Amino acid sequence: MSAPSTGLAQTAQIGKSVVIKGELSGSEDLYLDGQVEGSITLKGNSLTVGPNGQVKASVEAKGIVVQGKLEGNIQASDRVDLRKSAVVTGDITTQRISIEEGAFLKGKIDVHRTDGK
Amino acid sequence: METAVPAPGVPKLTRRSSGLGELTRTWDAAENFCVLDLGSTSPANIRHFTGRGHKIYSEDLLTASTDPAMFTPDESGALVLDSRKFLADNLVYPAAHFDVILCWNLPDYLDESLVKPVVGRLWSVLKPGGMLLAFFHTRDAGPDAPCYRFHVIGADTLEMTRIVLRPEARRGPASTGRSPVADGFQLQRVFNNRHIENLFRDFASIKFFLARDNVREVLVVR
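Just so you know, these numbers come straight off a predicted model, no measurement behind them.

S.K.: Any details on the overall build of chain A? Residues and values, ideally.
M.R.: Looking only at helices and strands, chain A has 0 helices and 11 strands in total. Overall, chain A shows an N-to-C arrangement of helices and strands of β-β-β-β-β-β-β-β-β-β-β. Within chain A, the proportion of its 117 residues that are buried is 38%. Pairs at least 24 apart in sequence give 2% of the contacts found in chain A among residues at least 6 apart.

Structure follows, in structure tokens:
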């Protein structure tokens, strides 16, 4: 993973021509506009699936933003944002969720709230 | 994956729902309900139920029924919807999983071949004692009654947005014999009370609410 040149400081980036199969884990934020099949674990950090992103993986992160396609279960310790272009098939477990009009979801949403939030 | 979306530039309407009012009293008094919302993804419904600590499942069966992969050739070679294939890909949940199913106006707009198999599957995934809410047009609504998506915005109040298919989903498979959907889903039939009772005959009880907008609301209990 390489740091992007502009805009997304401290964020690793996977471009739209990149295809990854396997386990993906890290301790920095990740912007993913390519294809990933397997699993993604970014505990304590955020994942953004860009508009060209195509993910077939279980995803675990602090925050998850989806603009592209994601097939798999999502587990976020903080929040999930589904933008209007998002197409998600899978179950979502999170503390907070935001869904734009036009987003597609086939699956369960389970919102857990912790005390003090 | 194609999706149904609210028609652009069309004002949102609201309606009161006696069936919803009765359901609200149930889920407001319960914890950790499991709700199945059959329609395009509704941020309002997700907010409504998750805000009360319930789990919500979202599944858009109308749009799924336009998937070309769901069609198979019949004896004459014409492509028809295959209900077994449809149910292998949709409504795949454990038995007796849901406390509430929000069916909305699905039976009125769903292809004839899918209505009974889908209601049968809904019965099996609903818990004994669980409730299902469905809306049926009366004949007075007319054949061009628009298809709405319903969003829960109050204890007995729904917001309605007319839904259309995105252009890529309107075509359907070639030579299916189905007329292309010009700008949305078309009313497939009008059920009378006897038809509705037959449709839900495996359920334990059925209650009708006649609304002012040529819609019968039906609340059934498994």
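After that view, the rundown keeps rolling.
S.K.: Residue-level account of the pairing of strand S3 (residues 34-38) of chain B, with values.
M.R.: Residue and element names in this part refer to chain B. In terms of burial, S3 is largely enclosed, as 5 of its 5 residues are buried. Residues of S3 alternate between two faces, with Cys34, Leu36 and Leu38 on one and Val35 and Asp37 on the opposite face, all of them buried. Relative to strand S4 (residues 55-59), S3 runs parallel, the two being bridged by 5 bridges. Counterpart to Leu38 in the pairing with S4 is Glu59.

S.K.: Tell me about the environment of Tyr109(B), and please be specific about residues and values.
M.R.: Mapped onto the secondary structure, Tyr109(B) falls in helix H5 (residues 106-109). In contact with Tyr109(B), not counting residues within four places along its chain, are Leu62(B), Cys147(B), Phe185(B), Leu187(B) and Gln188(B).

S.K.: A description of the confidence of the model for chain A should follow, citing residues and the corresponding values.
M.R.: Averaged over every residue, the pLDDT of chain A is 90; residues scoring 70 or more account for 89%. Low pLDDT, under 50, characterises residues 2-6 of chain A; the predicted model gives this stretch 6 contacts beyond four residues in sequence or across chains.

S.K.: Pulling in residues and values, what's your account of helix H6 (residues 112-125) of chain B?
M.R.: Residue and element names in this part refer to chain B. Between the first and last C-alpha of H6 there are 21 Å, a value that for 14 residues agrees with the 20 Å anticipated at 1.5 Å per step. Listed in full, the buried residues belonging to H6 are Leu114, Val115, Val118, Val119, Leu122 and Val125. Angularly, the buried residues of H6 cover 130 degrees about the axis, an arc narrow enough to put them on a single face.

S.K.: Before we move on, can you summarise the interface of chain B and chain A with the specific residues and values?
M.R.: Contact with chain B, which involves 13 residues of that partner, is made by 14 residues of chain A. Among the elements of the structure, strand S1 (4-6), helix H2 (43-50) and S4 of chain B are those that each provide at least two residues to the side of chain B that touches chain A. A breakdown of the residues in the side of chain B that touches chain A according to their chemical character gives 7 nonpolar, 4 polar and 2 charged. Where strand S11 (residues 104-111) of chain A lies against S4(B), 3 bridges are found, and the strand directions are antiparallel. Bridged to Lys108(A) within S4(B) is Tyr57(B).

Quick notes on the rules
- Residue positions are given per chain, counted from 1 along the sequence in the order it is written.
- To label them, take the chains in the order written and letter them from A, then take the ligands in the order written and number them from 1.
- With pLDDT at 70 or above as the cut-off, local features in this predicted model cover only qualifying residues; side-chain atom pairs require 80 or more to be listed or tallied, and sums for whole chains, interfaces and linings still use all residues.
- Only runs of H or I of at least four residues qualify as helices and only runs of E of at least two qualify as strands under DSSP, and these elements are numbered from the N terminus.
- Here the C-beta atoms are placed from the backbone, and a residue counts as buried if at least 20 other C-beta atoms lie within 10 Å of its own, exposed if 12 or fewer do, and partly exposed otherwise.
- By the criterion used throughout, residues are in contact when their C-beta atoms, derived from the backbone, lie within 7 Å.
- For two strands to be treated as a pair, DSSP must find at least two bridges joining them.
- Confidence of the predictor in every single residue is expressed as pLDDT, which spans 0 to 100.
- Take the residue count of a helix, subtract one, and multiply by 1.5 Å to get its expected span.
- This arc is taken over the directions from the axis of the helix to the C-beta atoms.
- Polar here means any residue other than Ala, Val, Leu, Ile, Met, Phe, Trp, Tyr, Cys and Pro, which are nonpolar, and Asp, Glu, Lys and Arg, which are charged; Gly is therefore polar.

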